[in-house]
Structures are given as C-alpha cells and as structure tokens.
Amino acid sequence: MGNCCSNENGGHSAAGGTGAYVANPNNGHNEAVDALLKSRGYDGVYSHVELSLSATSLRDRDVLSKSDPMVVIYSKGRDGSLQELARTEVVLNSLNPKWITKYTIAYHFETVQNLVFRVCDVDTQFHNQDVKMIKLEEQHFLGEASCTLAEIVTKSNKSLTLDLIRGEQSSGPAQTQNSGKLTVCAEESVASKTTVELRLRCSELVSKDLFSKSDPFLVISKFTESGMVVPICKTEVIKDDHNPNWKPVSVNIEQVGSKDSPLTIECYDFNTNGKHDLIGKVQKSLADLEMLHSAGSAANLFIPAAVGPNSQNKVLKSQLFVDIFFEKTQHTFLDYLACGYELNFMVAIDFTASNGNPRLPDSLHYIDPSGRPNAYQKAILEVGEVLHFYDKDQHYPAWGFGARPIDGPVSHCFNLNGSSDYCEVQGIQGIMTAYMSALFNVSLAGPTIFGPVITSAADIANKSLMKGERKYFTLLIITDGVITDLQETMDALVHAADLPLSILIVGVGGADYKEMEILDADKERLESTRGRVAVRDIVQFVPFRDVQSGDASVLQSLLAELPSQFLEYMRLKRIQPTL
C-alpha cells in the first residue's frame, strides 16, 4: 500500500498523508496542506489484490452432460443493491471448475467491501458469445456465496471456501446441500509492494512573500484516465529557503500506474490559511526522474500558460534536482496479516455529567426507543464493523470513565461490563450491551480524564508484546468534553507511542476541543514532563459533527491511516512479517 511524506524539524510540518510506506518515522500532518490534497481528490491509498475462483461439487443441471459454469462477481452496497464487477469465462462440462479469468480489486482497509458471487450454468447456445453479452436471466442458477474482502485477505493463505446456496433464486426455501462450494483466493499485486524512494531539491526558487523567503513544499500528482490531477505524495515544508533540500519520500509504482506514467511535480509556497502559492512545476514520469538522477542534471520549473491559442508556459530559472532515486520492495500491511498479525479493538466511553441525563432525549447518552443509535453507539458501530474482521477471538476490552459506580468513588477507568476482575466483552454487540447496562448502573460525574484509560490500554499492549503475540491495538475513546489532565495524558501517550497501539478520539457534542488538537500532534510532536518526545504520532481526533457531514465518513478516513501507523511501528521496531 501507498505513499508517504516526511517532516522537517524547525520548519512547517507538512501532512504525513495516509500512506503506508513511511520513509521517515517523524511523519506529521498539517491541516492546511491536507486541505489542499482533499480539495483535489486525494482519498488515501490502497493495495490491489487479484481474485482467483474455483468450485467443487456443483449441481448438475444438464441431462446429457455436466454443467457449463460461469461466475458473476458483484459488490454489495449498504442498501443491499448489487453492482456487477466482472464475469469469468464459461468452463465447459465441469462440476469442479477452475476459472482462468481473474478479477483485480482495490483493497481498502477502512471500508467493508461486501462481495457476492453467483454461479450459473450457461446454456449451449450462448457458448460462442462474449460473456459480457450473456443474458443472465436466461441461464440456470447454480448457487450464490457472499463474503467481505477482509475475510479473504485475513486468512493465512488468503483463501476462503464458501458454501454455495440457492437462496431466493431457487424454487423453494434456501438450500445449502448439494449446491457445492466456491473457493476465492487473493494475491496481492507485486506492484503494490514496489516503491521508488526520491530525494528532491530545488534551486533558485522565487520569493512569494514580501518580507521573507518562501516556505516551499512539493506535491507529486498523477493523471487519471479522465484527465484529472490527483495528488499521491508530498514533502515537508521547509521554512525560509529558496534552495530547499527535502527529506526522502516514497512513491508506490502501482499507485502511479507505471514508471512511464506522466506525473506533475508542483512546488508551493506554504501559507497558514491553506491558500498556497504556486512557485512552479515540472511534468515528468518516474523514468524521466531516474534519467535526471543518473545524468546528474536538472529540470526547469515553469508556470502554466494562461488559456489562449498562442500562450506558452513561462520557463523559470528555478530547477528541480533528483539526488536519490532508489527502487525497492517493502512489506505491506497484507503481508503482516498473512503471517498472523491481528488488529485488536478497545473502547473507552465518557460518562461525565456534561453528557446530560441518559433518561432525557437531549442527552448524548439517550437510548432512543425507536432503535436509532446515539452518537456513542454510532461511533462504536462504525469503527467496530471495520475492525472486527482483524481480531480472531473478538474479545474487546471496554471501559468507562468519569462516573461513579454503585457504592463507589468516581472512577476514571472502570470495566464497562461491571466486573471487577476482567474488562473484556464478546463482540461488538457485547460492547453495545455493556454500554447500555452501564448507563443505568453508574452515576454520571466528572471531570474528564484520559490518562487512566490510555495507561490501561498501554498495559494490555505491553503485556501482549512481552508474550510475543502478533497483535496491534486500536483504542477508540469517545468523549463529549474538554480533558482536565492534558499533561498526564501527554505523558501516557509518549509512553504508548513505543507500543503496538493507536488511539482514535471521537468528540461528540459541541465542546471546544483545542486540547484534542494538541493530542493529535499534527503540528508538534508530543513531549512528556521529563522532556521525552514521542517516537511517533499515534493519536487521531475528529469531532463527531464532522463525522456526520457529507457522504464520506470521516471516521473511515481516520481508519484508513491505521495500516500506515501499523507499518510505521513495525518498521520502527524492525519487525519482519515471518511465518
């Protein structure tokens, strides 16, 4: 998977992106640079996987010969609608077919990708017809199977065997006997693992500021088939420098398309308001950049011409140099999954009094009799529906904080299940049940303190690490208020950054979340009371009002960064994906 950016101490920190290939462990974010990328269609990174299909013991629908099966692959939407993705070839006279046609699909960690496979027996009269033209309603339905892409890629051999059922398309009720089995195998594209490390610098950049030098950064973009320009990578921002030398960045070859695919490299002067000034640009492929590096030559930046039949680009004295061009293969997130690594889910819920009386409709904890989930339930469900595929036993530590359990003092970390001995619940529904039960068994209090729940999560991650378990943990903290233990929380986070742990904070309600932005460490790495700086950024924060706006879920965007944080930890600790 992916791309990356690096960051320069002492200058403006540029966005680290959601890239999984991390060239520099000190990656950071910057909201203004991120806004530029998002406004231009940047939506994270992915891996391509190739699906191969085979079946056994299919139903025989032919009288004088065996069935002639074909598979149709669909994606299934949240509303249950099906969109056809691909069709295999027709295998003649076989009840145990192995189809040659393969389908390549982009794997996105942050979304649940539901797939449906329908097998049909193609009538003889259609055998010489292009499979795309075959009318499915005129063929015999043999069976259907469904799964998520995550269920396939999390298997050690990336292979999943499913029972074919006749379901609604059969004359009777759903039947599983004698309908056969379908096996789906996934193989990650080699190009997903191949990256080019680039170290770029510029000379004689022009000044875009009145009283100081420019603060330059680079954005590398690709061209889509429709002609759109989509950013795939960016550098850090270097302050007051007309001859900047940026830290290395990595570009994934598959994401680009190929080494010969055209790229545009734009140099911007950073502005805190997000309206960055274009200093100049070049258009080169990776192959062109490799030639510049080999020859030790440079490319002149230019300013695009104004629209007009006789207009020409303005060529600048400013030049782009390629000091490092290094092609390499790196282990991907899917490589670690294949070797048995898991992502384990934890949750901590804010029970402070500022949430309001749970029995009243204006409370953030109100349980609607109609079944409509509140903000806390929505966050748990949305994160849980993605992460539960990556946890084998689905035993989830779940805590509450900021409340007074029955006959006890205020607790800033109590087990959500009411037990004094263990904190785990079974499955996402177990979290939901424990949460609703706790609402009627604790008294909401305060203040809002994060330190104890982060420490508890870190202790579990540390014990797992000491046991040699192949686990990486994600703690979801859902809160409505401003924390009162900022420095203690920062101390806990600096310690936790050394462990296989990421923290996702979701703010519900309309509180002022300035402290959360500090914890997010997008602008400056966290520092402990003793002056120790966190080795990596493990916190992502989002207000729930943003989660609920627009078609795309902000929570999904944050989840998309988990593979990057996972890989950053593995590479920081030099852990290889071995069987």
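Remember, predicted model here, so these are calculated numbers, not experimental data. Each residue is numbered by its place in its chain's sequence as written, counting from 1. Note on the predicted model: pLDDT of at least 70 is required for a residue's local features to be given, and 80 or more for side-chain atom pairs to be given and counted; whole-chain, interface and lining totals, by contrast, use all residues. Note that water and hydrogens are dropped before the side-chain values are worked out from all heavy atoms of the structure.

**Student:** Go over the overall build of the chain, please, and point to the residues and values.
**Tutor:** Helix and strand assignments follow DSSP, with helices taken as H or I runs no shorter than four residues and strands as E runs no shorter than two, numbered in order from the N terminus. Counting secondary structure elements, the chain contains 13 helices and 25 strands. Between buried and exposed lies partly exposed: a residue is buried under 20% and exposed over 50% of the maximum accessible area for its type, with that area taken using a 1.4 Å probe on protein chains only. Burial analysis of the chain (579 residues in total) assigns 55% to the buried set. For the accessible areas, the method is Shrake-Rupley and the probe is 1.4 Å, while residue cover comes only from the protein chains on display. For the chain, the accessible area works out to roughly 25,600 Å², and carbon and sulfur atoms hold 49% of it.

**Student:** Any chance you could break down the pattern of salt bridges for me, citing the residues and the numbers?
**Tutor:** Note on pairing: side chains with opposite charge can pair once their charged atoms come close. Salt bridge criterion: a side-chain nitrogen from Lys or Arg within 4 Å of a carboxyl oxygen from Asp or Glu. According to the stated counting rule, one finds 12 salt bridges in the structure shown. Ionic pairing is found between lysine 181 and aspartate 163, a salt bridge with its closest N-O pair at 2.4 Å. Pair noted here: lysine 181 is in strand E8 (residues 181–188) and aspartate 163 is in strand E7 (residues 159–163), with a separation of 18 residues, a long-range link. Three or more residues are tied together by salt bridges with common partners; here these are Lys259, Glu290 and Glu327.

**Student:** Outline helix H13 (residues 562–572), listing residues and values.
**Tutor:** Here H13 lies mainly inside the structure; 9 of its 11 residues are buried. Phi for arginine 574, located one or two positions after H13, is positive at around 55 degrees.

**Student:** Explain the sheet that holds strand E5 (residues 114–121) to me, and be specific about the residues and the numbers.
**Tutor:** Whether two strands pair comes down to DSSP finding at least two bridges between them. Across the sheet, which stays open at both edges, the 4 strands sit in the order E3-E2-E5-E6 with antiparallel pairing between neighbours. Each edge of the open sheet is held by one strand with a lone partner, namely strand E3 (82–87) and strand E6 (140–148). Each adjacent strand pair in this sheet contributes to an overall mean axis angle of 25 degrees, direction not counted. Axes here refer to lines fitted to C-alpha atoms; in helices the fit is confined to the stretch in contact. Angles between the N-to-C directions go from 0 to 180 degrees.

**Student:** I'd like a description of the packing of aromatic side chains, backed by residues and values.
**Tutor:** For any two aromatic rings, the description comes down to two numbers: the centre-to-centre distance and the angle of the planes. Aromatic pairs are defined between Phe, Tyr and Trp rings, using the six-membered ring for Trp, whenever the two ring centres lie within 6.5 Å; interplanar angles under 30 degrees are classed as stacked, those over 60 as edge-to-face, and all others as tilted. If you walk through the whole model with that rule in mind, you get 16 aromatic pairs. Ring centres of tyrosine 336 and tyrosine 341 lie 5.4 Å apart, and the angle between their planes is 75 degrees; this geometry places the pair in the edge-to-face category. With respect to burial, tyrosine 336 and tyrosine 341 carry one shared label: buried. With a centroid separation of 5.5 Å and an interplanar angle of 65 degrees, the aromatic rings of tyrosine 472 and phenylalanine 566 are classed as edge-to-face. Here tyrosine 472, found in strand E23 (residues 471–479), pairs with phenylalanine 566, found in helix H13; they are 94 residues apart in sequence, far enough to count as distant. The class of tyrosine 472 is buried, set by a relative accessible area of 0%. One aromatic cluster in this structure is built from Phe109, Phe333, Tyr336, Tyr341, Tyr390, Tyr472, Phe566 and Tyr569. In our convention, an over-ring charge means Lys NZ or Arg CZ found within 6 Å of a ring centre and within 35 degrees of that ring's normal. Above the plane of the ring of phenylalanine 321 lies arginine 201, whose end atom (NZ or CZ) is 4.1 Å from the centre.

**Student:** I'd love a proper account of the confidence of the model for the chain, names of residues and values included.
**Tutor:** How sure the predictor is of each residue is captured by pLDDT, a score from 0 to 100. Here the chain shows a mean pLDDT of 85. Residues at 70 or above account for 86%. When checking whether two residues touch, look at their non-hydrogen atoms; a contact exists if any pair is within 4.5 Å. Confidence over residues 1–44 falls short of pLDDT 50; this stretch has 174 contacts with residues more than four positions distant or in other chains. Below a pLDDT of 50 lies the segment residues 169–176, which in the model reaches 11 contacts outside its immediate sequence neighbourhood of four places, other chains included.

**Student:** Report on the nonpolar core, specifying residues and quantitative values.
**Tutor:** In this structure, Tyr107, Phe109, Phe333 and Phe351 are the most contacted members of the largest nonpolar core, which totals 82 residues. What makes a nonpolar core is a set of buried Ala, Val, Leu, Ile, Met, Phe, Trp, Tyr and Cys residues whose side-chain atoms join them at distances within 4.5 Å. Formed by 34 residues, the second largest nonpolar core is a distinct cluster that contains Val453, Met490, Leu501 and Ala534.

**Student:** Please give an account of the environment of phenylalanine 414 that cites residues and values.
**Tutor:** Here phenylalanine 414 lies in strand E20 (residues 414–415). With a relative accessible area of 9%, phenylalanine 414 lands in the buried category. Along the sequence, phenylalanine 414 and isoleucine 349 sit 65 residues apart, while their C-alpha atoms lie 9.9 Å from each other.

**Student:** Could you give me a rundown of unusual backbone geometry, with the residues and numbers involved?
**Tutor:** A cis amide bond links glycine 446 to the next residue, proline 447, at an omega of 0 degrees. Mapped onto the elements of the fold, proline 447 is located in the loop between strand E22 (442–444) and helix H8 (451–466). The phi torsion at lysine 158 lies on the positive side, around 50 degrees, for a residue other than glycine. Mapped onto the fold, lysine 158 is located in the loop between helix H2 (149–153) and E7.

**Student:** Help me get a handle on the packing of H8 against helix H9 (residues 486–496), residues and values and all.
**Tutor:** Taken N-terminus to C-terminus, the directions of H8 and H9 make an angle of 15 degrees; their axes are 9 Å apart at the nearest point. Taken as axis vectors, H8 and H9 run roughly parallel relative to one another. H9 is crossed by H8, and the crossing has left-handed handedness. Two secondary-structure elements touch here, H8 through Gly451, Ile454, Thr455 and Ala458 and H9 through Thr489, Ala492, Leu493, His495 and Ala496. Grouping the amino acids of the contact of H8 with H9 by side-chain chemistry returns 5 nonpolar, 4 polar and no charged. For classification purposes, an angle smaller than 35 degrees is called roughly parallel, one larger than 145 roughly antiparallel, one from 65 to 115 roughly perpendicular, and anything else oblique. Left-handed describes a crossing in which the near helix is turned anticlockwise from the far one by less than a right angle; the clockwise case is right-handed. Three residue categories are used. Nonpolar comprises Ala, Val, Leu, Ile, Met, Phe, Trp, Tyr, Cys and Pro, charged comprises Asp, Glu, Lys and Arg, and polar comprises the others, including Gly.

**Student:** How would you sum up the environment of alanine 55? Please name residues and give values.
**Tutor:** Relative to the helices and strands, alanine 55 resides in strand E1 (residues 47–56). Of the residues examined, alanine 55 reaches a relative accessible area of 4% and is grouped as buried. Along the chain, alanine 55 and valine 71 lie 16 residues apart, while their C-alpha atoms are 9.8 Å from each other. Sequence-distant contacts of alanine 55, that is, excluding residues within four places in its chain, are made with Leu95, Asn96, Pro97, Trp99, Lys181 and Leu182.

**Student:** Can you lay out helix H7 (residues 427–439) for me, pointing to particular residues and giving the numbers?
**Tutor:** In this model H7 runs 19 Å from its N-terminal to its C-terminal C-alpha over 13 residues, within 8% of the 18 Å that 1.5 Å per residue would give. Where H7 is buried, its residues touch strand E17 (342–350), helix H6 (375–387), strand E18 (395–401), strand E21 (424–426) and E22. The span expected for a helix works out to 1.5 Å for each residue beyond the first.

**Student:** So what's going on with the sheet that holds E8? Residues and values would help.
**Tutor:** If you trace the 4 strands from one edge of the open sheet to the other, you get E4-E1-E8-E7, paired in antiparallel fashion. Unpaired on one side and paired on the other, strand E4 (103–107) and E7 mark the two borders of the sheet. Ignoring which end each strand starts from, the neighbouring axes of this sheet average 30 degrees apart. Strand direction decides the pairing type here: E1 and E4, joined by 5 bridges, are antiparallel. Each bridged residue has a counterpart across the sheet, and for leucine 51 the counterpart in E4 is tyrosine 103.

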